[in-house]
Each structure stands twice: as structure tokens, then as C-alpha cells.
Amino acid sequence: MRKPRADLFVGRIIVFRDKLAMVGRRHRKWVLLAALLFFLAATVFSLLSLDLRWADLSLPWLLLSLVVSLPAVILNANELQLLARAGGRRLTLLSAVEVTSLGTLANVLPMPGALLLRAKALSGAGVSTGRVSIVLLAGSMLWIGVSAGVISLLFAGHQAAVPLAVFAMVATAGSLVFLQRGGGAGGALGAVLVRLSMTLLAGGRTWLCMAMLGFEADFLLALGYSACSVLGAVVGVVPGGLGVAEGAGALLALMLREQPEVAVLALGASRVVGLFAAGLAFGAAQAVRREMSTEVTDESLV
């Protein structure tokens, strides 16, 4: 029996992305080193160009960006739960928080990346290997679609807005087709709402980081900068899209006749804040896990 064309197309995308990811894993140390050097060079250049000093930074805005990041951690875990549901299985919130938080940290550490950790968690929950690839790709397509939609708003009135908007709708619709197969319409709609909320929170964090740097920021512009992080996920070669997201943000700023240095610094600061929030979430999840294990042990001794 022949597979539907949609499944064959998705299969080809999965194979292509796996090849890119394999290149990244094979040369992980060198790729990460190159990305880190680019990230640091771009950051230093931006700081010097804007003549920023420590005294110019606003700590309250930075702390507020951390507060905004914590709900995003929970939403990230909720998204993984919905992907598991699309695969016909269930994943507890605690396990999802552990996997997504560790995955965020893993992208910049010498350990398996976020995608591999998500795949392992879904497989551990009982999702078949083939289905794991499909639901993860559907989640990525949804992220791409929402991000393209946000960027299309920045180009409103420009001829680039139409193809971006069409691409956003096609990518989003394609992801929903595969998500609803296992999770139903409710699960697919839930995934859209979660991704939209995560996008807004990411934009809010970038906006707060811009304010922390002392620049008045338009929220839609900050939202567009944060949406550039999707390129890091699409490329798949550079862990966590390090440097790729910042470079894409700078390019977007140039296209919009904004300051690319501000985009680089805001996205870099947002990245660091997000990593710190993920570290806090992972530590808290591990503490809860240990407490649960202790309670079970105590009960078994009674």
C-alpha cells in the first residue's frame, strides 16, 4: 500500500534535517566553538558600537525578563505534553519540565541536544519511532509558521508580507494536519495556543532586554527579533542556534532600517536569561523528583 504524498514529503524533510543534525553532532565541538566565537565577537562589536557601559544597564528590567521567562518554561513543557498526546501517549508535567529545561541547557553544553532529549522522552512514553519524528517535525513546523506570521506583520505594506503570510499559513496548517491525527482537534488547537503564548512571552522577554539596555522598543519589533530564533532550530547544525538567531535578528534590523547592534545584544541577553530560567526550572523539577522518591521510600519502609 502506497503512503500518502503528505507522509512521503514529511519523510523527506525528516531525512534532510537529520542529515544536517548529523553534521552538527559529528563536528559538535568545532561547530559550537565557531558559533560561540561569532556570538562573542558580535556582542563585543555591538557593545563598542553603541558605547554601552555597565552603568547604562537597568537591573530591574533584567529581573523582570527572568520572571517572564518562568511561565515560558511551563508552556514549553505543555507543548511537549501535547506532542506526546499527538503520538497517542501521555507525559507528566514534571517529566516534561525536566526534558525541556535540560534540552535548553543541553544545546550549549557538551551533551545530547534538545531534539534528541525530546525524542527520547516521547519514545520512553510509548510513542513509536516513526511517530516521534512526525510529531517533532509538526511541532517545528508550527513554530516556523507562527514565527513567519509574526515577521510578516513587520513587513505590512511591503511586497514581502504576502509570501511570508502565505508561508506562515501553509506551515501552520500542515502542522495541524499531523498533530490532530493523534491528539484530535483539541490537542492541535491547544498546541497552537501554547506556541502563540510562548511566542508572545519570548517577544516580551526580548522587549524587556531592550529596555534593560536603555533603548525604547516597539513590542512588535521585539517580537520579530525573537521570532528569528526559529532559524537556529531550522538549521539544526549549530547547537541552540547560537549566533544564528542573533545574526538573523541583525539582518532583520537592517532590512527594517533599525540598529542591528541592539538586536544582537537584546537577543543575546534574552538567550542568557532563558538559559538561567531553564536552569532554575530543571533544578526545581529535580528537587521535586527527589522529594517524591523519598516519600515513596519512606512509605515502603512502614
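Note that this is a predicted model, so its numbers are computed, not measured.

Participant: What's the story with helix H5 (residues 114–124) in this structure? I'm lost.
Facilitator: The set of residues buried in H5 consists of Ala114, Leu117, Arg118, Ala119, Ala121 and Leu122. Contacts made by the buried residues of H5 are with helix H3 (59–86), helix H4 (93–106) and helix H6 (129–154). Directly beyond the C-terminal end of H5, a positive phi value near 105° is found at Gly126.

Participant: How should the packing of helix H7 (residues 161–212) against helix H8 (residues 219–227) be read in this particular structure?
Facilitator: In a pair of packed helices, the angle between the axes and the distance between the axes together describe the arrangement. Packing of H7 against H8 brings their axes to within 8 Å, and their N-to-C directions diverge by 110°. The orientation of H7 relative to H8 falls into the category roughly perpendicular. Here H7 runs over H8; the crossing is right-handed. Together, Thr199, Leu200, Ala202, Gly203, Gly204, Thr206, Trp207 and Met210 of H7 and Phe219, Ala222, Leu223, Tyr225 and Ser226 of H8 make up the contact between the two elements.

Participant: How do you make sense of empty space enclosed by the protein when you look at a structure like this?
Facilitator: Remark: the empty space left among the atoms is shown by a probe the size of a water molecule rolled over them. Counted under the stated rule, the structure contains one cavity of 30 Å³ or more. Reported here for the largest cavity is a volume of approximately 30 Å³. Of all the secondary structure elements, the ones that give two or more residues to the lining of the largest cavity are H3 and H7. Element by element, the count of residues in the lining of the largest cavity is highest for H7, at five residues.

Definitions and cut-offs
Residues numbered from 1 in each chain as written. Predicted model: local features only at pLDDT ≥ 70, side-chain atom pairs only at ≥ 80, totals over all residues. Heavy atoms only, no water. Buried < 20%, exposed > 50% of the residue type's maximum accessible area, 1.4 Å probe, protein only. Helix = DSSP H or I, 4+ residues; strand = E, 2+ residues; numbered from the N terminus. Contact = heavy atoms within 4.5 Å. Axes fitted to C-alpha atoms, helices over the stretch in contact; angles between N-to-C directions. Parallel < 35°, antiparallel > 145°, perpendicular 65-115°, else oblique. Left-handed = near helix turned anticlockwise from the far one by under 90°. 1 Å grid on protein atoms, 1.4 Å probe; cavity = no way out; pocket = protein on both sides within 12 Å on 5 of 7 lines; lining within 4 Å. Points joined across faces, edges and corners; volume = space filled by probe spheres on them.

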